[in-house]
Amino acid sequence: MVTTERKKLYVNKLTDSIQLTSLLFAPIFSARPPKYDEEKIVEINLRRTKTETIYYKGRLLDTKKDFPLFSLLVSKLQKINQNLREDAPRIMEFEMTEVEVFKTLGVQIRKSNIDLFEKRLDKFKASEICIKIFNDDQVCIRKIKTSLVLKYDWKKENKIIHFTMDHDFLPKGNNSTDIDREFIDLRVYELINTGYAKSLFLYLETKKFSEQEYVRHVKESLINRIAMNVKTNRERNRALTASLEELVRVGYLKKYYPDKSKDTYEPVIMIARNPKFMAKVRADFKKIEEEEAKDAELEHFFK
């Protein structure tokens, strides 16, 4: 877990965002099984740590389409605020062009996609989120109560979307009661194919412990995060195994194995992350960007 009091994080691209840890920990953004009722309202109430709880009420959001869109909006909000003076008022209203939104997400601008994006934004607006922080005496000392998007207005004649979001999606300064956050790079996220594996990736990003090679995970907790809407135990187990295997193939995980020791009272999976994965992937992305910049420069020169 990353808190802004320990490390200052910056958003450099629209594919970067600093997300509230609880939103990734809880099964809010999940894989949708076939024939899932998209209008169904779900309620999620979890204790992430001894001092933090998360409540969500709304339609279940998917990892393939909804999370990238939400990540983009958070990124834009953070980018326009991160270079302001500390005493300057924060900017909570902003505009994005259709081209900016659709191009970043790799989606074609056409009426059917615009209609789908509006439905997603309506789900964001209707959502209810409450994150609470408690002290050691279990007294609530900090609370976030909001929705993923407060308001939006799509000016179709101008091809511009106006957004209003909550200030709590901005990283905070040196505040001891601030809420944990994670840095997410959508380019890394999009290397993962299946919705279940994307869900597992988001969850594991909230469980980083740099001093440990292997981290102990209760199997049922992993299943509940990625396959909450899968009915049979056989399919739930299959989804977890396939997700672990995919994250190993991508290179995000180094290894995993079930802990069968006699001291274990419930099924446990030991998971080792690949500590070199992020650095390697970002180095690859930087190389691609440099090559694209050279190509663009040559194209401009010969025009």
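Shown above is the structure to which this text applies.
Quantities reported herein were computed from a predicted structural model and do not represent experimental measurements. (Residues numbered from 1 in each chain as written. Predicted model: local features only at pLDDT ≥ 70, side-chain atom pairs only at ≥ 80, totals over all residues. Heavy atoms only, no water.)

Looking at the overall build of the protein
Part 1 of the argument: Within the protein one finds nine helices and 14 strands.
Part 2 of the argument: Taken across its 303 residues, the protein has 47% of its residues classed as buried.
Part 3 of the argument: Surface exposure of the protein reaches about 16900 Å², of which carbon and sulfur atoms provide 51%. (Helix = DSSP H or I, 4+ residues; strand = E, 2+ residues; numbered from the N terminus. Buried < 20%, exposed > 50% of the residue type's maximum accessible area, 1.4 Å probe, protein only. Areas by Shrake-Rupley, 256 points an atom, 1.4 Å probe, with all protein chains shown as cover.)

A short note on the sheet that holds strand 13 (residues 253-259)
Part 1 of the argument: One open sheet holds the three strands; their spatial order is 12-14-13, and the pairing between them is antiparallel. Of all strands in the sheet, those with a lone pairing partner are strand 12 (214-218) and strand 13, marking the two edges. When strand polarity is set aside, the average angle formed by the axes of neighbouring strands in this sheet is 25°.
Part 2 of the argument: Bridge count for strand 12 against strand 14 (residues 268-273) is five bridges, and the pairing is antiparallel. Bridge pairing in strand 14 places Arg216 opposite Met270.
Part 3 of the argument: Sitting on the sheet, helix 7 (residues 219-226) is in contact with strand 12 and strand 14, with an inclination near 75° to strand 12.
Part 4 of the argument: Against the sheet, helix 8 (residues 233-250) touches strand 13 and strand 14, its axis set at about 150° to strand 13. (Pairing = 2+ DSSP bridges. Axes fitted to C-alpha atoms, helices over the stretch in contact; angles between N-to-C directions. Contact = heavy atoms within 4.5 Å.)

Section: the packing of aromatic side chains
Part 1 of the argument: Scanning the entire structure with this criterion turns up 13 aromatic pairs.
Part 2 of the argument: With a centroid separation of 5.7 Å and 25° between ring planes, the pair formed by Phe29 and Phe70 is classed as stacked. Of this pair, Phe29 sits in strand 2 (residues 29-30) while Phe70 sits in helix 2 (residues 66-81), placing them 41 residues apart in sequence.
Part 3 of the argument: Assessed through its relative accessible area of 0%, Phe29 is described here as buried.
Part 4 of the argument: Taking the relative accessible area as the measure of exposure, Phe70 reaches 0% and is therefore buried.
Part 5 of the argument: Ring centres 6.0 Å apart and planes at 80° place the aromatic pair Phe70 and Phe124 in the edge-to-face group. Residue Phe70 is located in helix 2, and its partner Phe124 is located in helix 4 (residues 111-126); the two are separated by 54 residues in the primary sequence.
Part 6 of the argument: Put simply, the rings of Phe29, Phe67, Phe70, Phe124, Phe169, Tyr189, Phe201, Tyr252 and Phe277 pair up and form one aromatic cluster.
Part 7 of the argument: Lying across the ring of Phe134, Arg47 places its NZ or CZ 5.5 Å from the centre.
Part 8 of the argument: Taking NZ or CZ as reference, Lys198 lies 4.3 Å from the ring centre of Tyr189, over its face. (Phe/Tyr/Trp six-rings, centres within 6.5 Å; stacked < 30°, edge-to-face > 60°. Lys NZ or Arg CZ within 6 Å of the ring centre and 35° of its normal.)

Describing the packing of helix 6 (residues 195-205) against helix 8
Part 1 of the argument: Packing of helix 6 against helix 8 brings their axes to within 8 Å, and their N-to-C directions diverge by 70°. The angle between the axes of helix 6 and helix 8 places the two elements in the roughly perpendicular class. Contacts between helix 6 and helix 8 involve Tyr196, Ala197, Leu200, Phe201 and Leu204 on the former and, on the latter, Ala239, Leu240, Ser243, Leu244, Glu246 and Leu247.
Part 2 of the argument: The class makeup of the residues in the contact of helix 6 with helix 8 is nine nonpolar, one polar and one charged. (Parallel < 35°, antiparallel > 145°, perpendicular 65-115°, else oblique. Nonpolar A, V, L, I, M, F, W, Y, C, P; charged D, E, K, R; others polar.)

Notes on the sheet that holds strand 3 (residues 41-49)
Part 1 of the argument: Here we have four strands laid out as an open sheet, ordered 3-4-7-8, and antiparallel in their pairing. Strands at the two margins of the open sheet, each flanked by one partner only, are strand 3 and strand 8 (140-146). When strand polarity is set aside, the average angle formed by the axes of neighbouring strands in this sheet is 10°.
Part 2 of the argument: Pairing of strand 4 (residues 52-59) with strand 7 (residues 128-134), which is carried by six bridges, proceeds in the antiparallel orientation. Paired with Tyr56 across the two strands is Ile129, which belongs to strand 7.

A closer look at helix 8
Part 1 of the argument: For helix 8, with 18 residues, the first-to-last C-alpha span of 26 Å sits near the 26 Å given by 1.5 Å per residue.
Part 2 of the argument: Within helix 8, the full set of buried residues consists of Arg236, Ala239, Leu240, Ser243, Leu244, Glu246 and Leu247. Looking straight down helix 8, one finds its buried side chains confined to an arc of 160°; they lie on one side. For helix 8, exposure combined with an orientation more than 90 degrees from the buried face picks out Arg234 and Arg249.
Part 3 of the argument: Immediately downstream of helix 8, the backbone of Gly251 shows phi near 105°, a positive value. (Expected span 1.5 Å × (residues − 1). Arc of directions from axis to C-beta.)

Brief notes about the environment of Arg282
Part 1 of the argument: With respect to the secondary-structure elements, Arg282 resides in helix 9 (residues 277-301).
Part 2 of the argument: Residue class for Arg282 comes out partly exposed when judged on its relative accessible area of 31%.
Part 3 of the argument: Separated by 97 residues in sequence, Arg282 and Asp185 place their C-alpha atoms 9.3 Å apart.
Part 4 of the argument: Those residues in contact with Arg282 that sit more than four places away from it in its chain are Phe183 and Asp185.

Considerations on the packing of helix 2 against helix 4
Part 1 of the argument: Between helix 2 and helix 4, the least distance of the axes is 11 Å, while the angle of their chain directions is 70°. Classed by the angle they form, the pair helix 2 and helix 4 counts as roughly perpendicular. On helix 4, the residues that touch Asp66, Leu69, Phe70 and Leu73 of helix 2 are Phe117, Arg120, Leu121, Lys123 and Phe124.
Part 2 of the argument: For the contact of helix 2 with helix 4, the per-class residue count stands at six nonpolar, no polar and three charged.

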